[in-house]
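These are the residues of each chain, in order.
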Amino acid sequence: MCADTVSLIIFSPVIASKAKAGQFVVVRASEEGERIPLTIAESDAAAGTINLTILKRGKTSSLLCSLNKGDYITDVAGPLGIPSEIEKFGTVCIIGGGVGIAPTVPIIKAMKEAGNYVISIIGARNCSGLIFEDTIKKYSDQYHVCTDDGSMGYKGFVSGFLSQYLKENPGKKPDRVVAIGPVLMMKAVCDVTGPGGIKTIVSLNPIMVDGTGMCGSCRVEVDGKTRFGCVDGPEFDGHLVDFGLLNSRLNIYCDEEKVSNEKYMEKHECKMKI
Amino acid sequence: MQNENLKPARKKIPRNKIAEQQPASRIKNFSEVELGFTTEQALLESERCLMCKKPKCTDGCPVEIDIKGFIELIKEKRFSEALEKIREKNTMPGICGRVCPQEDQCEKTCILGIKNEPVAIGKLERFLADYGIKNSKNNSQGDTGLKNNNSKKIKAAVIGAGPAGLTCAGELAKMGYAVTLFEALHKEGGVLVYGIPEFRLPKSIVEGEVEYVKSLGVEIKLNSIVGKTYTIDEILESGYSSIFIATGAGLPYFLGIPGENLNGVYSANEYLTRVNLMKGYLFPAWDTPVKKASIVSVIGGGNVALDSARTAKRLGAEKVYLIYRRSEVEMPGRIEEIKHAREEGIEMVFLTNPVEIKGENGWIKKITCIRMELGEPDESGRRRPVKIPGSEYDIDTGIAVIAIGQGANPVLTQTSPDIGLNKWGNIIADDIGKTNKKGVFAGGDIVTGAATVILAMGAGKVAARAMDNYMKTGVW
Ligand SMILES: Cc1cc2nc3c(=O)[nH]c(=O)nc-3n(C[C@H](O)[C@H](O)[C@H](O)COP(=O)(O)OP(=O)(O)OC[C@H]3O[C@@H](n4cnc5c(N)ncnc54)[C@H](O)[C@@H]3O)c2cc1C
Ligand SMILES: Cc1cc2nc3c(=O)[nH]c(=O)nc-3n(C[C@H](O)[C@H](O)[C@H](O)COP(=O)(O)OP(=O)(O)OC[C@H]3O[C@@H](n4cnc5c(N)ncnc54)[C@H](O)[C@@H]3O)c2cc1C
Ligand code: SF4
Ligand code: SF4
Ligand code: FES
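Residues numbered from 1 in each chain as written. Chains lettered and ligands numbered in written order. Predicted model: local features only at pLDDT ≥ 70, side-chain atom pairs only at ≥ 80, totals over all residues. Heavy atoms only, no water.

Looking at the confidence of the model for chain A
In step 1: Of the residues in chain A, 96% have a pLDDT of 70 or more, and the chain-wide mean is 90.
In step 2: Within the model, pLDDT remains below 50 along residues 270–274 of chain A, and this stretch shows four contacts once partners closer than five positions in the same chain are excluded. (pLDDT = per-residue confidence, 0-100. Contact = heavy atoms within 4.5 Å.)

So, in structure tokens, the structure goes:
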């Protein structure tokens, strides 16, 4: 697995038995820690475990990525958010980019089990960023890989691949697209699917605190209306989302995040180098 | 009503003033503003009480504390017993003594208050609670010894660990039920921990009250969001005979004006949660950040707005505006908090309402406000603010905090459609907390809308009795 991405298997029987595709948990890594949302990538009700796949970005994600087998996480709350809409739509195209690949896994599974023809398009910077390949392949009728550097599959972004695919297969317009990944990627996918009127669902990642609708930190604008990402989402109709606002709000704490991260790195430098 | 109880010829003692941190220094820290009565002050203050034959003070207290009774015990320096007297009716005196709007409750009806300043009932209550903590070995909190797990067979559930839920859980545990308290957040206390700031209610006091409830044998399940982690029906099916819902009024309202989603615009809930629950004022030692600016504008006029404004000051703002659409007399905040806010240099901008928030590069820069005048009284009896056309002007600001009220959070009720709600989404419950769903009771802010700590506690207590009755008789 990619060095910057770590999967944690957490024992939480209640959440494991409840989790549905598209839902997330809020995690606190230490007593002084932030509350951060993480998607439930896989859940195993029988074993009582959930899988959280985390991209190392700032302090909290780094701290989580540095955990060892047997360690505890201070708090895990969930499952939160409205589950993905799963139905037999016909042909469903599911697109995951970067760490956004992880949350597509339960959706791909559920869409396949609901009887859809599933086209998975997975994108990463390079081949080492491709995660959950086996599971995705198993539940997909078509599996396409895109890498930024062309080290595997299509060279370029998932949106570029999608555009090409739609042109080459004019008769096989998907009935629905689900896109999860960086904001720019989701926006690019929506730009591709917009003209053809293909319904496109995106999973938004606004900054959250409680994850239960209490604070409004996670405000997003959809169809000109303010919605709370944590309780009204995280999935929304991508053609109605104000991605500019989402991007802007994701940068609110840039300066503070830098301070936190530098402080963390100082303390953990030796550990990080190993 | 005439003051027939008033005894003549008493030595006139002025109401004792509580020691406070001075404004210039307290705006630089988050420590408690009020320092509490000394023993001498408490004794002197107790002397002021007229020991009325028909004490009106108790009528003003929502949980009917025997105020005259506990003051009499203070006079006799029997502090532990005085504390016990309060605890008969109120298990959280350390909290109520600090945050009750006494001027509208017990002290409003105090007979001494007719001609004089009322007895400082709240401050005396706080004194006793603090005394109890200092001397915890010989007070009831330390040695309740009520952990008789063996006799606990009937299970009861409480949802939400705010003042309503904690009180109800404590009462049920004392009656011998096996109580599980489900709380969505990672810490107990509700608004007491995420909303009311440290400088007004130290979190150690709340922790003390939580410990007391735990010592009664209540099992607390944190990080458990009912409606998501569990549903009401699942809880009932898993062997709980009765449920008390006390999920509060946690949904923040926004103004619905342009620019409200700009960076730097907070709901009071988010602002206060970041600072209090997540300890944002200790960033970066604690991880959760909160934005700071030299000019902060808070919209609203209640306790929540005052708490936000005073928090902004302590986070280093040079100028803090409190923008309120009515005038000072209509402000719902506690008089003491308004006074404290003024002393701390909060600038009150009355009869003014924001109409738009303007930004640059995604960040808030100005609030466009319109001046208001007071028109005819509305349903609440207060004069309705009316816009003065053409009076718009801009206020420069780096951060805005919207503190115009909270509604009912629908996370729980969405998954229990069979529980009756009113048009605002509040659960409908009768005066003993009964909802329309068998076995399910509710109380506190989720029923009344945003109210007070003591009313929430009162509701928890009343419901506990009703639940006991229901669980014993099965009669709904
Ligand atoms: C519903 C949802 C599901 C998510 N699922 C995953 C997942 O499965 N795997 C994964 O790696 N990441 C996921 N994220 C993003 C993840 O929460 C952030 O990467 C994480 O909070 C970063 O914290 P940090 O301290 O490491 O980084 P920081 O240095 O604090 O921040 C890095 C960036 O992360 C974002 N961020 C910071 N704090 C928060 C917060 N409290 N809530 C949300 N975003 C924040 C901001 O854009 C910020 O610029 C999800 C986000 C949401 C909203
Ligand atoms: C900033 C602020 C200042 C205030 N100042 C004062 C004051 O000075 N004096 C005063 O008397 N009153 C004051 N109030 C009002 C007072 O705090 C409330 O009326 C009181 O806390 C209500 O108590 P409650 O138990 O009903 O709800 P809350 O205190 O809101 O507690 C509800 C609890 O339920 C939990 N919860 C919610 N949903 C779920 C769910 N689905 N599952 C599990 N748990 C859930 C919440 O996390 C919370 O812990 C203030 C309020 C605020 C916000
Ligand atoms: S609980 Fe509140 S209202 Fe009752 S006596 Fe104490 S301070 Fe007064
Ligand atoms: S507190 Fe006021 S009303 Fe109560 S007994 Fe004393 S003087 Fe009378
Ligand atoms: S994270 Fe607080 S309301 Fe969504």
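Concerning the side chain of N426 of chain B
All names here are of chain B.
In step 1: Mapped onto the elements of the fold, N426 is located in the loop between α17 (411–414) and β18 (440–442).
In step 2: N426 sits in the buried class, given a relative accessible area of 8%.
In step 3: Filtering out sequence-adjacent residues up to four positions away, N426 remains in contact with A408, G420, L421, D445, I446, V447 and G449. (Helix = DSSP H or I, 4+ residues; strand = E, 2+ residues; numbered from the N terminus. Buried < 20%, exposed > 50% of the residue type's maximum accessible area, 1.4 Å probe, protein only.)

Observations regarding the domain arrangement of chain A
Residues and elements named next belong to chain A.
In step 1: The domain architecture assigned to chain A consists of domain 1 (5–80) and domain 2 (91–250).
In step 2: Spacing between the C-alpha centres of domain 1 and domain 2 amounts to 21 Å.
In step 3: Contact with domain 1, which involves 17 residues of that partner, is made by 18 residues of domain 2.
In step 4: Here domain 1 and domain 2 share zero salt bridges between them.
In step 5: For the interface between domain 1 and domain 2, the tally reads two residue pairs in polar contact (both at pLDDT 80 or more).
In step 6: Residue assignment for the side of domain 1 that touches domain 2 shows that the elements contributing at least two residues are β1 (5–11), β2 (24–28), β3 (35–44) and β4 (49–55).
In step 7: If one sorts the elements of the side of domain 1 that touches domain 2 by residue count, β3 sits on top with six residues. (Domains from an automatic or database assignment. Salt bridge = Lys/Arg side-chain N within 4 Å of Asp/Glu carboxyl O. Polar contact = N/O pair within 3.5 Å; in protein donor to acceptor, adjacent residues only side chain to side chain.)

A word on the sheet that holds strand β8 (residues 265–267) of chain B
Residues and elements named next belong to chain B.
In step 1: Here five strands make up an open sheet; going across it, the order is β8-β16-β9-β10-β11 and the pairing parallel. Taken across any chain shown, the strands that pair with only one partner, and hence form the sheet edges, are β8 and β11 (347–349). Averaged over all adjacent pairs, the angle separating strand axes in this sheet is 20 degrees, with direction ignored.
In step 2: Where β8 and strand β16 (residues 399–402) come together, three bridges link them in parallel fashion. The partner of Y266 across the bridge, within β16, is V401.
In step 3: Its contacts with the sheet put helix α14 (residues 268–277) on β8 and β16, and the angle it makes with β8 is roughly 85 degrees. (Pairing = 2+ DSSP bridges. Axes fitted to C-alpha atoms, helices over the stretch in contact; angles between N-to-C directions.)

Examining helix α3 (residues 101–113) of chain A
All names here are of chain A.
In step 1: Over its 13 residues, α3 extends 19 Å from the first C-alpha to the last, a length consistent with the 18 Å expected when each residue adds 1.5 Å.
In step 2: Within α3, ten of the 13 residues are buried, which leaves it mostly tucked inside the rest of the structure.
In step 3: Looking only at α3, the buried set comprises I101, A102, P103, T104, V105, P106, I107, I108, A110 and M111.
In step 4: Directly after α3, the chain includes G115, whose backbone phi takes a positive value near 95 degrees. (Expected span 1.5 Å × (residues − 1).)

Describing the environment of L306 of chain B
In step 1: By the secondary structure assignment, L306 of chain B is in helix α15 (residues 303–314).
In step 2: Apart from the residues lying within four places of it in its own chain, the contact partners of L306 of chain B are L322, M331, G333, R334, E337, I338, A341 and M348 of chain B.

Notes on the site of ligand 1
Residue and element names in this part refer to chain A.
In step 1: Taken together, 22 residues sit near ligand 1, with P37, T39, T53, L55 and S61 positioned nearest.
In step 2: Out of a free accessible area of 860 Å², ligand 1 has 92% covered by protein chains.
In step 3: Mapped by element, the contributors of at least two residues to the shell around ligand 1 are β3, β4 and α2 (59–65).
In step 4: Ranked by the residues each element gives to the shell around ligand 1, the list is headed by β3, at five residues.
In step 5: Taken together, the residues of the shell around ligand 1 sort by class into eleven nonpolar, six polar and five charged.
In step 6: Residue contributions to the shell around ligand 1 reach at least three from each of two domains, namely domain 1 (5–80) and domain 2 (91–250). (Near = heavy atom within 4 Å. Areas by Shrake-Rupley, 256 points an atom, 1.4 Å probe, with all protein chains shown as cover. Nonpolar A, V, L, I, M, F, W, Y, C, P; charged D, E, K, R; others polar.)

Focus: the site of ligand 3
In step 1: The environment of ligand 3 is made up of C61, P62, I65, I67, N90, C96, C100, Q102, Q105, C106, E125 and I454 of chain B.
In step 2: The residue makeup of the shell around ligand 3, split by class, is eight nonpolar, three polar and one charged.

Quick word on the packing of aromatic side chains
In step 1: According to the stated counting rule, one finds 13 aromatic pairs over all chains in the structure shown.
In step 2: With 6.2 Å between their ring centres and 70 degrees between their planes, F182 of chain B and Y240 of chain B make a pair best called edge-to-face. Placement of the pair is F182 of chain B in strand β4 (residues 178–182) and Y240 of chain B in strand β6 (residues 240–245), with a sequence separation of 58 residues. The same class applies to F182 of chain B and to Y240 of chain B, which are both buried.
In step 3: Members of the aromatic cluster, joined through ring pairs, are Y154, F161 and Y165 of chain A. (Phe/Tyr/Trp six-rings, centres within 6.5 Å; stacked < 30°, edge-to-face > 60°.)

Looking at the pattern of salt bridges
All names here are of chain A.
In step 1: Following the criterion strictly, the structure yields 48 salt bridges over all chains and no others.
In step 2: Between R28 and D75 there is a salt bridge whose closest N-O contact spans 2.7 Å. Linking R28 in strand β2 with D75 in strand β5 (residues 75–80), this pair joins segments that are 47 residues apart in sequence.

Remarks on the interface of chain B and chain A
In step 1: Residue-level contacts link 38 residues of chain B with 44 residues of chain A.
In step 2: The largest share of the area that chain B buries against chain A comes from K228, N261 and D287 of chain B, three residues that together contribute 21% of it.
In step 3: At the junction of chain B and chain A, the tally comes to three salt bridges.
In step 4: Here E234 of chain B and K18 of chain A are joined by a salt bridge, their closest N and O atoms 2.7 Å apart.
In step 5: Viewed at the interface, chain A and chain B are joined by 24 residue pairs in polar contact (both at pLDDT 80 or more).
In step 6: No other element matches the four residues that α14 of chain B contributes to the side of chain B that touches chain A.
In step 7: For the side of chain B that touches chain A, the per-class residue count stands at 19 nonpolar, twelve polar and seven charged. (Buried area = accessible area lost by both parts, 1.4 Å probe.)

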